[in-house]
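Chain by chain, the residues:
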Amino acid sequence: MFDTAVLLQTSGVVQDLGLGDRPESVWLLIGTVLMLAGTFYFIRHGMAYADTREKIEYHVVTIMITSIAFASYLAMFFGIGLTEVTLANGDVLDIYWARYADWLFTTPLLLLDLALLAKATDKGTIAALVLVDAFMIVTGLAGALSPTPLERYVWWTISTVALFVILWILWTNLTARAEDMNEDVRGTFTLLRNAIVVLWLAYPVLWVFGTEGTGLLPLFHETLGFMILDVLAKVGFGLVLLRSRAVLGGSEDDAPEPSAEAAD
Ligand code: RET
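These notes cover the structure that comes with them. Source: prediction; values computed, not measured. (Residues numbered from 1 in each chain as written. Predicted model: local features only at pLDDT ≥ 70, side-chain atom pairs only at ≥ 80, totals over all residues. Heavy atoms only, no water.)

1. Considerations on a nonpolar patch on the surface
Then, in step 1: A contiguous nonpolar surface patch, about 470 Å² in accessible area, is contributed by Phe 135, Leu 150, Val 154, Trp 155 and Ile 158.
Then, in step 2: Residue contributions to the nonpolar patch peak at 4 residues, all from helix 7 (residues 149–179).
Then, in step 3: Along the chain, Ile 158 falls in helix 7. (Patch = residues over 30% accessible without salt bridge, like charges linked within 9 Å, V, L, I, M, F, W, Y side chains within 5 Å. Areas by Shrake-Rupley, 256 points an atom, 1.4 Å probe, with all protein chains shown as cover. Salt bridge = Lys/Arg side-chain N within 4 Å of Asp/Glu carboxyl O. Helix = DSSP H or I, 4+ residues; strand = E, 2+ residues; numbered from the N terminus.)

2. Notes on the packing of aromatic side chains
Then, in step 1: Applying the stated criterion across every chain yields a total of 7 aromatic pairs.
Then, in step 2: Taking 5.5 Å as the distance between ring centres and 55° as the angle between the ring planes, the aromatic pair formed by Trp 27 and Phe 220 counts as tilted. Here Phe 220 lies in helix 9 (residues 219–242) and Trp 27 lies in helix 3 (residues 25–49), a separation of 193 residues in the sequence.
Then, in step 3: Phe 220 sits in the partly exposed class, given a relative accessible area of 30%.
Then, in step 4: For the ring pair Tyr 100 and Trp 103, a centre distance of 5.2 Å and an interplane angle of 65° mean the geometry is edge-to-face. Here Tyr 100 pairs with Trp 103, and both are found in helix 5 (residues 98–117), just 3 residues apart, close to one helical turn. Of the two residues, Tyr 100 and Trp 103, neither departs from the other in class, the shared state being buried.
Then, in step 5: Chaining the aromatic ring pairs together yields one cluster made of Tyr 100, Trp 103, Tyr 203 and Phe 226.
Then, in step 6: The positively charged end of Arg 193 is found above the aromatic ring belonging to Trp 171, 3.8 Å away from the centroid. (Phe/Tyr/Trp six-rings, centres within 6.5 Å; stacked < 30°, edge-to-face > 60°. Buried < 20%, exposed > 50% of the residue type's maximum accessible area, 1.4 Å probe, protein only. Lys NZ or Arg CZ within 6 Å of the ring centre and 35° of its normal.)

3. What about the packing of helix 4 (residues 53–78) against helix 5?
Then, in step 1: Look at helix 4 against helix 5: their axes get within 9 Å of each other, and the N-to-C directions meet at 165°. It follows that helix 4 is roughly antiparallel to helix 5 by the angle criterion. Crossing of helix 4 over helix 5 shows left-handed handedness. Residue-level contacts link Glu 57, Tyr 58, Val 61, Thr 62, Met 64, Ile 65, Ile 68, Ala 69, Ser 72, Tyr 73 and Met 76 of helix 4 to Ala 98, Arg 99, Asp 102, Phe 105, Thr 106, Leu 109, Leu 110, Leu 112, Asp 113, Leu 116 and Leu 117 of helix 5.
Then, in step 2: Its residues assigned to classes, the contact of helix 4 with helix 5 comprises 15 nonpolar, 3 polar and 4 charged. (Axes fitted to C-alpha atoms, helices over the stretch in contact; angles between N-to-C directions. Parallel < 35°, antiparallel > 145°, perpendicular 65-115°, else oblique. Left-handed = near helix turned anticlockwise from the far one by under 90°. Contact = heavy atoms within 4.5 Å. Nonpolar A, V, L, I, M, F, W, Y, C, P; charged D, E, K, R; others polar.)

4. Side note on the nonpolar core
Then, in step 1: By size, the foremost hydrophobic cluster in this structure holds 65 residues, and its most contacted members are Leu 114, Leu 117, Leu 170, Leu 174, Ile 196, Trp 200 and Leu 241.
Then, in step 2: With 11 residues, the top contributor of residues to this core is helix 8 (residues 183–209).
Then, in step 3: The contacts of Leu 117, once residues within four sequence positions are left out, are Tyr 58, Val 185, Thr 188, Phe 189, Leu 192, Leu 241, Ala 246 and Val 247. (Core = buried A, V, L, I, M, F, W, Y, C linked by side-chain atoms within 4.5 Å.)

5. A word on unusual backbone geometry
Then, in step 1: You will see that Lys 119, though not glycine, has its phi angle at about 55°, which is positive.
Then, in step 2: Its location among the elements puts Lys 119 in the loop between helix 5 and helix 6 (123–145).
Then, in step 3: Using a relative accessible area of 39% as the deciding quantity, one classes Lys 119 as partly exposed.

Written out as C-alpha cells, the structure reads:
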C-alpha cells in the first residue's frame, strides 16, 4: 500500500531539512503557516478598514508581530534557529533560540498595541514596558543556554520577576488610563489585558515542564505547546484587537465595505 509516512521519510526534501530527526518540526510548519495566514488576513483587513492614522498604526504593529513570528517559525522549521547546549552532566539539549529572537521583538510590539489602546503612549510608560520586557526575554534566553539546573532556575526566576513587573504595570498604570476611555475601549482593553495575563503566565510554566526545565514534557509536546500559545497570543490577540469596535470606531458592519482591489 502507498505509505505517505515512508515516502516522506525517504524523500530528499525531508532529509535535506533534517526533519526525520526533528519530529517537532510538524508543529513548526503549522506555526509557520498560521502566522503567514494571520499576516495576510491583517494586511487585507488593514487595506479595507485602516482609513485613519490610528487604525493604520494598530494594523502596522499587528502585521509586524505576525510577520516576525512567521520568519522565526520558518527559521526553526528549516533548523537554522536551533542550537545545541552541552549540559554540565554531559547531556546535549536542543534549544530553539529563534523563538527568543521572535519574542524579543514581538512581545514589546504586543505591549505597544495595548498601550495604544489605553492611550498610554507617553515615553516613560512605553520605555518601562519595552525595557523590562526585553530584560525578561534576554534573561530567559540566558537560562535556556546555561549548563546547570541551578543557573537555569536562577535566570528563570529573574525573568519571571520581570514578567510580574510587566503585568503589574498593565494592571495598574494602563488599566487606570483605559478606565477614562469609552465603553468599547474599556471592554476590549480588559479582554486583551486578561488574555495577556493568562497566556503570558503559561510561558514560564511550559518552560519549567519542558526540556529547558524539568524535562517532564518532551520537545515534541513542548513545541506544540509554544506553538498554540504563540498563535493565540499573536493571531488571536490581533483578531480581537483589529475587529473590535474600539479600533474600528463602530461595528465592522458599519465600517466601509472592503474595496474590490483590497479584497483581491
Ligand atoms: C521565558 C522563560 C523564563 C521565564 C519567563 C519566560 C517568559 C516568556 C514570555 C513569553 C511571551 C511570549 C509571547 C509571544 C507572542 O506570541 C522566556 C519563557 C517569564 C512571557 C507572548
